Amino acid sequence: MKTQVLAAMIAVTAAGAALAHGGVENETVLARMEGMKTLSTQLKILGAMAKGQQAFDAAAAQAALDRLSEEAAQILAHFEEEVIVEKSEARPAIWQSWEDFAAKADDLHQRSAALEVAQPGDLGPALRDLGGACKACHADYRE
């Protein structure tokens, strides 16, 4: 059941990211969207392994975590400038509650940097941990 919920969360995130890019011209917003798309892509890699859709590969799983961590470290830079366009899913609350937003972004970075996936059994706990960090931020700061 938890795997199904996680899979649904990843699918919704990916679908939202794909639809959101169309027609956006602002470079700041595009960079944000690309960053979130990168996070989603890495989660999809891990999710496919967790669901058995892709063979477990410890090196590929760790590479996905490493890439996720690198991109998570860039979240604050992507949101420094308050720019909201029609297709942006960023809420004004990001800049109104910057310290909380920054703490949540840092939490995702720290969690992803600390995780190791050496065996298939590590995937579920890693995805739940990352999903919790993503959800904590999206609940308050994403449309």
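## Some points on the pattern of salt bridges
Taken as a whole, this structure holds eight salt bridges when the rule is applied. Between Glu71 and Arg67 there is a salt bridge; the shortest N-O distance is 3.4 Å. Of this pair, Glu71 and Arg67 both sit in helix H3 (residues 58–72), separated by four residues, roughly a single helical turn. When the shortest N-O distance is used, the salt bridge between Arg111 and Asp129 registers 2.7 Å. Of the two residues, Arg111 sits in helix H6 (residues 98–114) while Asp129 sits in helix H7 (residues 123–141), which places them 18 residues apart along the sequence.

## Digging into the confidence of the model for the protein
In the predicted model, the protein carries a mean pLDDT of 88, and the fraction of residues at 70 or more is 85%. Taken as a whole, residues 14–20 scores under 50 in pLDDT and shows seven contacts with residues more than four places along the chain or in a different chain.

Analysis parameters
Sequence positions are assigned chain by chain, starting from 1 and proceeding in written order. Confidence filtering applies because this is a predicted model: local features only for residues at pLDDT of at least 70, side-chain atom pairs given and counted only at 80 or more, and all residues used for totals across whole chains, interfaces and linings. Think of the side-chain values as coming from all heavy atoms in the structure, minus any hydrogens and water. Here, a salt bridge means any side-chain nitrogen of Lys or Arg that lies within 4 Å of a carboxyl oxygen of Asp or Glu. The numbering of helices and of strands both runs from the N terminus, where a helix is a DSSP run of H or I of at least 4 residues and a strand a run of E of at least 2. Scored between 0 and 100, pLDDT is the confidence that the predictor attaches to each residue. We call two residues contacting when some pair of their heavy atoms lies within 4.5 Å.

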